[in-house]
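Summary of structural features
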Amino acid sequence: MLKIYSKCNNKLLHLVYQADEFCDGMTELVSPDNFIQCMFLKASKGKSWKPHQHKWRETPNKQTIAQESWVVVRGAAKAFFYDVDGTLLTSIIVKAGDITFTLEGGHHFEIIEDNTMVYEFKTGPYEGVEKDKVFL
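Residues numbered from 1 in each chain as written. Predicted model: local features only at pLDDT ≥ 70, side-chain atom pairs only at ≥ 80, totals over all residues. Heavy atoms only, no water.

Things to note about the sheet that holds strand 8 (residues 99-102)
Overall, antiparallel pairing links the five strands, which are arranged 1-2-8-5-10 in an open sheet. Two strands lie at the open edges of the sheet, namely strand 1 (2-5) and strand 10 (117-122), each paired on one side alone. Taken over all neighbouring pairs, the strand axes of this sheet differ in orientation by 15° on average, direction set aside. One ladder, built from four bridges, connects strand 2 (residues 12-17) with strand 8; its direction is antiparallel. Within strand 8, the residue paired with Val16 across the bridge is Thr100. (Pairing = 2+ DSSP bridges. Helix = DSSP H or I, 4+ residues; strand = E, 2+ residues; numbered from the N terminus. Axes fitted to C-alpha atoms, helices over the stretch in contact; angles between N-to-C directions.)

Encoded structure:
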C-alpha cells in the first residue's frame, strides 16, 4: 500500500493499493473515521454473509467533502496526486486490479492504455461543479 501524506500538514491524503497485495479474507482498506469506506473481500465459492440492511442515522460531521476512489478493471492509467495547496506530490501507474482513494488533496488521471475500464466511486450528493470542485 502506498500512503501519500500532505507536505503542508502531514495529513493522509491518498491511498493506493496494488492488486497483488490482497490475500484471502477481509481487508479494511480505508479506516472507518473517513467519509469513504472500503473493504476488500476475497473468498471461496460458498462463502456468504448474513442478510442485512443499513440504517439512516445522524452523523457528527456537519461538513462533507467529495472523496473519490478509482478501481481499474482493465488497462492502465497514470494517477497524479496533489497536496492540499495544489502542489504535485507524486504520480503512479495504476493497472487492472489496483485501487486508489483520495481522502483530501487533488488528483487527476491520464489513461495510458487503449480500452481501459475504471469504476469510480465517490461520496455524494453531487451538487454540480461549482459546489464540488476547485480546478488546479
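What to know about the packing of aromatic side chains
According to the stated counting rule, one finds six aromatic pairs in the structure shown. Judged by centre distance (3.8 Å) and plane angle (10°), the ring pair of Trp70 and Phe109 falls under stacked. In this pair, Trp70 sits in strand 5 (residues 68-74) while Phe109 sits in strand 9 (residues 106-111), placing the two residues 39 residues apart along the sequence. Here the two residues Trp70 and Phe109 agree in accessibility, since each one is buried. Note on Tyr119 and Phe121: the rings are 6.4 Å apart at their centroids and 40° apart in plane angle, and the pair reads as tilted. Counting every residue linked through ring pairs, the aromatic cluster contains Tyr17, Phe22, Phe40 and Phe101. (Phe/Tyr/Trp six-rings, centres within 6.5 Å; stacked < 30°, edge-to-face > 60°. Buried < 20%, exposed > 50% of the residue type's maximum accessible area, 1.4 Å probe, protein only.)

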